[in-house]
Amino acid sequence: MTVVKIIGGGLAGCEAAYQLAKRGVEVKLYEMKPKKFSPAHKNKNLAELVCSNSLKSDDITTSGGLLKEELRKLDSLIIRVADETRVPAGSSLSVDREKFSARVTEILSTFDNIEVINEEASSIDTSTPTIIATGPLTSDALSQEIFKLVGNEGLYFFDAIAPIVEFDSINFDIAYIKDRYDKCDGEPSYINCPFTKEQYLAFYNELINGETVQLKDFEKKKVYEGCMPIEILAKRGEDSIRFGPLKPVGLRDPKTDKTPYAVVQLRKETFANDYYNIVGFQTNLTYPEQKRIFRMIPGLENAEFLRLGTCHKNTYIYSPGNLKETYQMIKEPNIFFAGQITGVEGYVESISSGLVAGLNMYAYLNNLEDVTFDKSTIIGALCKYISTKVGDFEPMSANMGLINFGEFKIKDKKEKNKKLAEKSLQNIDKVKEIIDRWN
């Protein structure tokens, strides 16, 4: 029996392992934890969420919501577990990160044909069917092997993580719980810390002048927009963060019945009200500066930080010319890639790549036709993006701009996206019919 080697036990690697194992393929899943941890990993379990605990909107008229619904239709293990372990977060799908990782690990352990090997894989055997899903924090040794394989210099950008604070340390004489425009089905789930103009300007001045950690190779300043450190974003102008993560619109303060000048939001990390993530506050400030400056946020003056923010180097390959839209290497067909190392950016995007790589590895091993996705789907649009040479290649998250709108000439954005979602899910059903015939 052919054995597939999967390197990396993150979201993409675990999704690929599930898609193969459920179809009877023997899988050896290599994960270097807990023997060795990257600078950003802390949890011994598989499928660790390193940055936020949010998988973004669940509304199918948004790119993120539509992508999740596409994955649900195709029996994505990771999305199913996310649904099981979700915590209140308005219209977003946010999860209890500890329960999420533990549950993925538990489910994969029930498969007799999945062997988890807790060792660092530092070499690549092109004669062995392999899915490389090591993520953007690939070890140095394996990175060198990958760059030899793809035949080009490694690309990189810098990513950042936001701090987490203890719920009991938040001052609710100032802070208040409310969802933007009260858009939630149940109880409000965001904590809001309101600024007056004077407070905001004082905070802003300290933020843009705060001391940051000096990073190796940072002279290129390749910082991914989706995880821009708050202090770098702030330096674009006095109102840049007030119109971004500190946007007060729809967050009227019930204590004053007024809309604050700016608002910092915190999102629940677990089922229990024990700790909260500061939304949009990815940072590269030094630890002492984070404590000093972030305690200037009204309501967080006595904040206890359970995790401080960090910034780290993320690595990805130049996928166009190296990978097909199935995530299979063009010149080494035994090798597939999946996850953020391919240039897809984000949790759900990584899950989608793992699912596509897993399905197509199965098709490859069984001499079946490639499983390809129409560009009217978010999955297909991401596949096309990573495999097509168009201008500069940089990490890309799901967005409607990647989609082929085709015949939809509707001016109303919400209505157009609704029609697009209907078409997308119809095309996903066609793919599902194909793979269902394999069983």
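Residues numbered from 1 in each chain as written. Predicted model: local features only at pLDDT ≥ 70, side-chain atom pairs only at ≥ 80, totals over all residues. Heavy atoms only, no water.

Visitor: I tried to follow the overall build of the protein on my own but got confused; where do I start?
Guide: Scanning the protein for helices and strands turns up eleven helices and 16 strands. Counting the 439 residues in the protein, one finds 56% classified as buried. Just so you have it, the protein exposes about 18800 Å², and 49% of that area is on carbon and sulfur atoms. (Helix = DSSP H or I, 4+ residues; strand = E, 2+ residues; numbered from the N terminus. Buried < 20%, exposed > 50% of the residue type's maximum accessible area, 1.4 Å probe, protein only. Areas by Shrake-Rupley, 256 points an atom, 1.4 Å probe, with all protein chains shown as cover.)

Visitor: Where do I start with the nonpolar core in this structure?
Guide: Nonpolar side chains in soluble globular proteins generally cluster together in the buried interior. Counting residues in hydrophobic clusters, the biggest one holds 92 residues, and the most contacted among them are Phe-100, Ile-131, Ile-146, Phe-337 and Phe-373. Among the elements that line this core, the one with the most residues is helix α9 (residues 347-365), at ten residues. Core analysis: the second largest hydrophobic core is formed by 32 residues, Val-165, Tyr-204, Tyr-276 and Leu-300 among them. (Core = buried A, V, L, I, M, F, W, Y, C linked by side-chain atoms within 4.5 Å.)

Visitor: When you look at helix α1 (residues 11-21) in this model, what are you seeing that I'm missing?
Guide: An α-helix turns once every 3.6 residues. As a result, residues three or four positions apart point the same way. Taken across its eleven residues, α1 has eleven buried, putting it largely inside the fold. Among all positions in α1, only Leu-11, Ala-12, Gly-13, Cys-14, Glu-15, Ala-16, Ala-17, Tyr-18, Gln-19, Leu-20 and Ala-21 are buried.

Visitor: Just to check I follow, could you spell out unusual backbone geometry for this structure?
Guide: The phi torsion of most residues other than glycine is negative, and most of the peptide bonds are trans. The backbone of Lys-56 shows a phi angle near 70°, a positive value even though the residue is not glycine. Checked against the element boundaries, Lys-56 lands in strand β3 (residues 54-57). Positive phi, normally seen in glycine, also occurs at Asp-75, with a value near 60°. Along the chain, Asp-75 turns up in the loop between α2 (63-73) and α3 (77-84). Using a relative accessible area of 26% as the deciding quantity, one classes Asp-75 as partly exposed.

Visitor: What am I meant to see in the sheet that holds strand β12 (residues 262-268) here?
Guide: Strand pairing in a sheet is mediated by backbone hydrogen bonds. Such pairs are either parallel or antiparallel. Spatially, β10-β11-β12-β13-β9-β14 is the arrangement adopted by the six strands of the open sheet, whose pairing is antiparallel. Each of the sheet's edge strands pairs with one partner strand only, and the pair in question is β10 (176-177) and β14 (305-307). Here strand β11 (residues 190-195) runs beside β12; their pairing, made up of six bridges, is antiparallel. Across the sheet, residue Asn-192 finds its bridge partner in β12, namely Gln-265. Against the sheet, helix α6 (residues 197-208) touches β11 and β12, its axis set at about 95° to β11. (Pairing = 2+ DSSP bridges. Contact = heavy atoms within 4.5 Å. Axes fitted to C-alpha atoms, helices over the stretch in contact; angles between N-to-C directions.)

Visitor: Can you walk me through the pattern of salt bridges in this structure?
Guide: Any two side chains of opposite charge can pair if their charged atoms end up close together. If you walk through the whole model with that rule in mind, you get 19 salt bridges. For the salt bridge of Arg-72 with Asp-58, the shortest nitrogen-to-oxygen distance reads 3.0 Å. Here Arg-72, found in helix α2, pairs with Asp-58, found in the loop between β3 and α2; they are 14 residues apart in sequence, far enough to count as distant. Across the salt bridge formed by Lys-148 and Glu-145, the nearest N and O atoms sit 3.6 Å from each other. Taken together, the residues span about one helical turn, with Lys-148 and Glu-145 both in helix α5 (residues 140-150) at a distance of three residues. The class of Lys-148 is exposed, set by a relative accessible area of 62%. Beyond isolated ion pairs, a larger network of salt bridges with shared partners links Asp-58, Glu-69, Arg-72, Asp-83 and Arg-86. (Salt bridge = Lys/Arg side-chain N within 4 Å of Asp/Glu carboxyl O.)

Visitor: How should I be thinking about the packing of aromatic side chains in this particular structure?
Guide: Remark: the centre distance and the inter-plane angle together describe each pair of aromatic rings, the angle taken between the planes. Considering all chains together, one arrives at eleven aromatic pairs under this definition. Judged by centre distance (6.1 Å) and plane angle (25°), the ring pair of Tyr-200 and Tyr-204 falls under stacked. Remark: Tyr-204 and Tyr-200 occur in helix α6; sequence separation between them is four residues, near one turn of the helix. Like Tyr-204, Tyr-200 is buried. Centre to centre, the rings of Phe-203 and Phe-281 are 6.3 Å apart; their planes meet at 35°, and the pair counts as tilted. You can see Phe-203 sitting in helix α6 and its partner Phe-281 sitting in the loop between β13 (275-278) and α8 (287-294), a full 78 residues away along the chain. The pair Phe-203 / Phe-281 is uniform in exposure class, with both members buried. The ring centre of Tyr-261 lies 3.9 Å from the NZ or CZ of Arg-242, which sits over that ring. (Phe/Tyr/Trp six-rings, centres within 6.5 Å; stacked < 30°, edge-to-face > 60°. Lys NZ or Arg CZ within 6 Å of the ring centre and 35° of its normal.)

Such coordinate-based values are descriptive only and should not be taken to indicate function.
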